[in-house]
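# Analysis of the macromolecular model
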Amino acid sequence: MDFSRQRLDEIALAKLFQLADASGLRARIDAMWQGEHINTSEDRAVLHVALRQPPGAGVGGAEIEQAVMAERARMFSFARGVRDGAIRAAPASPSG
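Here we summarise the structure given alongside this text. Treat the numbers as computed from the prediction; the structure is a model and nothing was measured. (Residues numbered from 1 in each chain as written. Predicted model: local features only at pLDDT ≥ 70, side-chain atom pairs only at ≥ 80, totals over all residues. Heavy atoms only, no water.)

## A short note on the nonpolar core
Within the largest apolar cluster, 6 residues are counted, these being Met 32, Val 46, Val 49, Ala 50, Val 59 and Val 68. Setting aside its immediate chain neighbours within four residues, Val 68 contacts Ala 50 and Leu 51. (Core = buried A, V, L, I, M, F, W, Y, C linked by side-chain atoms within 4.5 Å. Buried < 20%, exposed > 50% of the residue type's maximum accessible area, 1.4 Å probe, protein only. Contact = heavy atoms within 4.5 Å.)

## A closer look at the pattern of salt bridges
The full count for this structure, using the stated rule, is 3 salt bridges. Put simply, Arg 74 and Glu 71 hold a salt bridge, and the shortest N to O gap is 2.8 Å. Placement of the pair is Arg 74 and Glu 71 together in helix α3 (residues 62–84), with a separation of 3 residues, close to one helical turn. Given the relative accessible area of 55%, Arg 74 is considered exposed. (Salt bridge = Lys/Arg side-chain N within 4 Å of Asp/Glu carboxyl O. Helix = DSSP H or I, 4+ residues; strand = E, 2+ residues; numbered from the N terminus.)

## Structural notes on unusual backbone geometry
Despite not being glycine, Asp 43 has its phi angle at roughly 50°, a positive value. Here Asp 43 lies in the loop between α2 (25–33) and α3.

Right, here's the structure in full:
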């Protein structure tokens, strides 16, 4: 959470840090970055961290990493095409 724009004093911040420690927040953050299945509603890893992983990190497993890296390459190719002027408009729709 971003508390940078909140009016919290030292006491309130200390209590928030105590709450984070008591709830095991650090262990949960570590589990998230290790690709553990912490999304209990879908019984899988949370994938937004996989999008931020460096190549070879394997967050979410090899299959997820491969999909992320392939999508990144596709996005970079598209961005390069836009910057280079090769892509100048949306493709025409099939219906004309």
